[in-house]
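# An overview of the molecular structure
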Number of protein chains: 2
Amino acid sequence: MDSTGQQICGDFDFDVFSRLCPSRGTLEDVTGRWGSLTIGALREGGTLRFNELRRRVDGVSEKMLSQTLHALERDGLVSRQAQPTNPPRVDYELTPLGQEIGERLLALIELVEGRMPEVLTARSRYDEKHGDPGARA
Amino acid sequence: MDSTGQQICGDFDFDVFSRLCPSRGTLEDVTGRWGSLTIGALREGGTLRFNELRRRVDGVSEKMLSQTLHALERDGLVSRQAQPTNPPRVDYELTPLGQEIGERLLALIELVEGRMPEVLTARSRYDEKHGDPGARA
DNA sequence: CTGCATCCAATATGATACTG
DNA sequence: CAGTATCATATTGGATGCAG
């Protein structure tokens, strides 16, 4: 990390702050609304089938789950194994890389959860000061 | 973590997989496209002014940066100090809580970056196998 | 059951103009 | 400089219907 404070993109010659940084897309797959929850679910659930995942990730639609799973599979974080049975059965699970990433993701999630009381307090203060009670769900 | 594998929301009686879990919103502020980059920039840059941040976070619009900053300030992760000078000067920096969260966020980001070669390889294989070269930027 | 295609609604984002 | 307001657009998300 040099004094410009911008090179944190490892071997690449541009950083995550740049729209051209390739890690930015992956990061979004991982941290996005459904990506993070899907990884979280797989970390806790081990190997899960499509509809098991769907039930675990509250509110996700078929379409979004499918899309999320494809993105994560493409990035090499999730493996998909379809069995040629009838009815069809498809199992999803984290790859070793997916587990490593999931580990750090969970560390982040758990920290945030543990600090929610502080966050909630901060929000109250903010909303009160700004006279905007219903702001931002 | 009980056998249901669902309660990871600490003191609350519902989990992050639920749309009602309060941490979910904060998590999205933190991991969202602009939230994560803004926190990253502040972690590296220390105290920054609005337009300094704007320059560091490539591609962010005035509107999005403003919105992101408000959300993070509301959650108590960023502090905003306006100086009554002319021209106006407003400094943003991470609060202690923001720094803790930023630390774990960066740990995640750096892991992903370090593994990008693997991700890129996985993507090539996937795209080749699915005959869809231009899929997903 | 797994999942893709399609159509429509909701939201997020961006460009621009304007104010203190 | 530091934002806010507004409008146009892009992207996301959801419901439904259909296929293997």
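Below, the structure is looked at part by part. Everything numeric in this text was worked out from a predicted model, so none of it was measured. (Residues numbered from 1 in each chain as written. Chains lettered and ligands numbered in written order. Predicted model: local features only at pLDDT ≥ 70, side-chain atom pairs only at ≥ 80, totals over all residues. Heavy atoms only, no water.)

All names here are of chain B. Strands sit in the order 1-3-2 across an open sheet of three strands; the sheet is antiparallel. Two strands lie at the open edges of the sheet, namely strand 1 (48-49) and strand 2 (78-83), each paired on one side alone. Examined bridge by bridge, strand 1 and strand 3 (residues 89-94) share two bridges and lie antiparallel to one another. Residue pairing across strands places arginine 49 opposite aspartate 91, the latter belonging to strand 3. Helix 2 (residues 33-45) rests against strand 1, strand 2 and strand 3 of the sheet, and its axis sits at about 95 degrees to strand 3. (Pairing = 2+ DSSP bridges. Helix = DSSP H or I, 4+ residues; strand = E, 2+ residues; numbered from the N terminus. Contact = heavy atoms within 4.5 Å. Axes fitted to C-alpha atoms, helices over the stretch in contact; angles between N-to-C directions.)

Okay, the environment of Leu42(B) next. Residue and element names in this part refer to chain B. Looking at where leucine 42 falls in the secondary structure, it is placed in helix 2. Given a relative accessible area of 2%, leucine 42 falls into the buried group. Residues leucine 42 and threonine 85, spaced 43 residues apart in sequence, show a C-alpha to C-alpha distance of 23 Å. For leucine 42, the contacting residues outside a window of four places in its chain are Leu48, Leu53, Val78, Tyr92, Glu93 and Leu94. (Buried < 20%, exposed > 50% of the residue type's maximum accessible area, 1.4 Å probe, protein only.)

Moving on to the pairing of strand 3 of chain B. Residues and elements named next belong to chain B. Note that strand 2 and strand 3 share six bridges and pair antiparallel. Looking at strand 3, one finds that glutamine 83 is bridged to arginine 89. Linking two consecutive strands that pair antiparallel, namely strand 2 and strand 3, is a turn of five residues.

Listed by partner, the interface residues are 61 residues for chain B and 60 residues for chain A. The interface formed by chain B and chain A includes nine salt bridges. As a salt-bridge pair, Arg123(B) and Asp75(A) come within 2.7 Å of each other at their nearest N and O atoms. Taken together, the elements giving at least two residues each to the side of chain B that touches chain A come down to helix 1 (22-31), helix 2, helix 4 (62-74), helix 5 (96-114) and helix 6 (116-129) of chain B. (Salt bridge = Lys/Arg side-chain N within 4 Å of Asp/Glu carboxyl O.)

Two chain copies here: they are related by a rotation about an axis and a translation along the same axis. Superposing chain B onto chain A takes a rotation of 180 degrees combined with a translation of 0.0 Å along the rotation axis, leaving an RMSD of 0.1 Å. Expressed as a symmetry operation, the mapping of one chain copy onto the other fits a two-fold axis. Residue Thr31(B), judged by its C-alpha, is the member of chain B lying nearest the rotation axis, at 2.7 Å. An overlap of 98% is found between the interface residues of chain B and their copies at the interface of chain A, pointing to a shared contact surface. (Least-squares fit on C-alpha atoms with pLDDT ≥ 70 in both.)

All names here are of chain A. Note on placement: aspartate 91 falls in strand 3 (residues 89-94). In this structure, the C-alpha to C-alpha distance between aspartate 91 and glutamate 44, residues 47 residues apart in sequence, is 15 Å. Apart from residues lying up to four places away in sequence, aspartate 91 is in contact with Thr47, Leu48, Arg49, Ser79, Arg80, Gln81 and Gln83. Within the structure, aspartate 91 has its side chain in polar contact with the side chain of glutamine 83 (distance 3.0 Å). For aspartate 91, the side chain forms a polar contact with the side chain of arginine 89, separated by 3.3 Å. (Polar contact = N/O pair within 3.5 Å; in protein donor to acceptor, adjacent residues only side chain to side chain.)

What follows deals with the protein's contact with DNA strand D. Lining the immediate environment of DNA strand D, one finds 20 residues, of which Lys63(A), Glu62(B), Ser66(B), Arg80(B) and Tyr92(B) sit closest. Sugar plus phosphate: this is where 59% of the atoms of DNA strand D within 4 Å of the protein reside. In this structure, a phosphate oxygen belonging to DNA strand D sits 3.1 Å away from a side-chain N or O atom of His70(B). A distance of 2.5 Å is found between a phosphate oxygen of DNA strand D and a side-chain nitrogen or oxygen belonging to Tyr92(B). The set of elements that each furnish at least two residues to the surface near DNA strand D consists of helix 2 (33-45) and helix 4 (62-74) of chain A together with helix 3 (50-56), helix 4 and strand 3 of chain B. The dominant element in the surface near DNA strand D, judged by the number of residues it contributes, is helix 4 of chain B, at four residues. The residue inventory of the surface near DNA strand D, partitioned by class, reads eight nonpolar, five polar and seven charged. (Near = heavy atom within 4 Å. Nonpolar A, V, L, I, M, F, W, Y, C, P; charged D, E, K, R; others polar.)

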